Amino acid sequence: MNSHPEAREVALRAQGLGRVLTDDQARLLSVYLGLLVKWNARMNLVGPSTWTEILDTLIQDSWHLADLLHTLRTQPAQTLDLGAGAGLPGIPLRVFWQSGEYYLVEPRQKRAIFMEQAVAHMKLPLTKVICARMEALPPARREADLIVSRAFMPWQKLLAEVRSCLAPQGRVLVMSNESSTDTVDGYSLELVREYPVAGKKRYFRLFALGGHDF
Ligand SMILES: C[S@@+](CC[C@H](N)C(=O)[O-])C[C@H]1O[C@@H](n2cnc3c(N)ncnc32)[C@H](O)[C@@H]1O
């Protein structure tokens, strides 16, 4: 298996997973997958080591998430992706959904450098890397309309800790393997969306600060 996939190989594999990619999407994902496999051989970025495994288990979330975000009536002007690591879900998400400004927040310098390289190679619009802990974000980055986060911290803790990073009508998108309609004080649950990955069910839950129509 070639560690640097061709765009047409990525398109074929995605088609097998039920997703038809445009030429541009296939090309951009092939760039990301090639870089990720190369860097992952030298430093710990993601568990799977081949591009096919990464596509099958990690990238699919991002296109499902893009589909959900496209349906929101109000598109976020500013999104924070907290604990972005190697750029998940954000970097592949930006291939499919490019609304507003998107900030990938990651304190580990090598991971942040990897993301900067990937964003630059892929020329992703309005997508920036911030090498910092979320607690150290400057005031200008603490007015997010949307916070996205994957495998960073338990969702209840995340909701409690990100309040100071949200705009008054801000929302938090939680990704998990469990369905639940529970919420935490100060948030309302706007929607739960189930989607399949590798034969298993996964869930998006969208919480809004306070409670408002969307
Ligand atoms: C388990 S990884 C998940 C990475 C990526 N979201 C994914 O799904 O592959 C969690 C990431 O959160 C980062 N992190 C840890 N503490 C953080 C903090 N206070 N603020 C922002 N990111 C943090 C870690 O460096 C790590 O890269």
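In this text, all values refer to a predicted model and were calculated from it rather than measured experimentally.

S.K.: Please explain the site of the ligand as it appears in this structure.
M.R.: Taken together, 18 residues sit near the ligand, with Gly83, Gly85, Arg133, Met134 and Arg150 positioned nearest. A per-class count over the shell around the ligand returns 10 nonpolar, two polar and six charged.

S.K.: Explain the environment of arginine 202 to me, please; I cannot follow it from the model alone.
M.R.: Positionally, arginine 202 belongs in strand β7 (residues 200–209). With 26 residues separating them along the chain, arginine 202 and serine 176 place their C-alpha atoms 6.0 Å apart.

S.K.: Explanation requested: unusual backbone geometry in the structure shown.
M.R.: With glycine set apart, most residues show a phi of negative sign, and most peptide bonds adopt trans. A cis amide bond links leucine 88 with the next residue in sequence, proline 89, at an omega value of 10 degrees. Following the sequence through the fold, proline 89 ends up in the loop between β1 (78–82) and α4 (90–96). Phi at lysine 123 is positive, roughly 50 degrees, even though this residue is not glycine. Structurally, lysine 123 can be placed in the loop between α5 (109–122) and β3 (127–130). The class for lysine 123 is exposed, based on 9 C-beta atoms found within 10 Å. Positive phi values are uncommon outside glycine, yet leucine 126 reaches one of about 50 degrees.

S.K.: How should I be thinking about the sheet that holds strand β2 (residues 101–105) in this particular structure?
M.R.: Across the sheet, seven strands lie side by side as β3-β2-β1-β4-β5-β7-β6; this open sheet has mixed pairing. Strands at the two margins of the open sheet, each flanked by one partner only, are β3 and β6 (187–197). Taken pair by pair, the neighbouring strands of this sheet meet at an average axis angle of 20 degrees, ignoring direction. As defined by bridge partners, strand β4 (residues 144–149) adjoins strand β5 (residues 166–176) across five bridges and the pair is classed as parallel. In the sheet register, alanine 144 faces β5, and the bridge partner there is leucine 166. Contacts between helix α3 (residues 51–70) and the sheet are confined to β5, β6 and β7, with β6 contributing the most and set at about 130 degrees to the helix. Against the sheet, α5 touches β2 and β3, its axis set at about 165 degrees to β3.

S.K.: Help me understand the pairing of β1 in this model?
M.R.: On any regular strand, side chains alternate: one points to one face of the sheet, the next to the other face. Most of β1 is tucked away, with four of its five residues classed as buried. Judged from the five bridges that link them, β1 and β2 form a sheet pairing that is parallel. Looking across to β2, one finds that leucine 82 is bridged to valine 105. Between the parallel elements β1 and β2, the chain passes through α4 in a crossover that is right-handed. Here β1 pairs with β4 via four bridges, running parallel.

Criteria and thresholds
- Residues numbered from 1 in each chain as written.
- Predicted model: local features only at pLDDT ≥ 70, side-chain atom pairs only at ≥ 80, totals over all residues.
- Near = placed C-beta within 6 Å.
- Nonpolar A, V, L, I, M, F, W, Y, C, P; charged D, E, K, R; others polar.
- Helix = DSSP H or I, 4+ residues; strand = E, 2+ residues; numbered from the N terminus.
- Buried ≥ 20, exposed ≤ 12 C-beta atoms within 10 Å, placed from the backbone.
- Pairing = 2+ DSSP bridges.
- Axes fitted to C-alpha atoms, helices over the stretch in contact; angles between N-to-C directions.
- Contact = placed C-beta atoms within 7 Å.
- Right-handed = clockwise from strand over helix to strand, strands pointing away.

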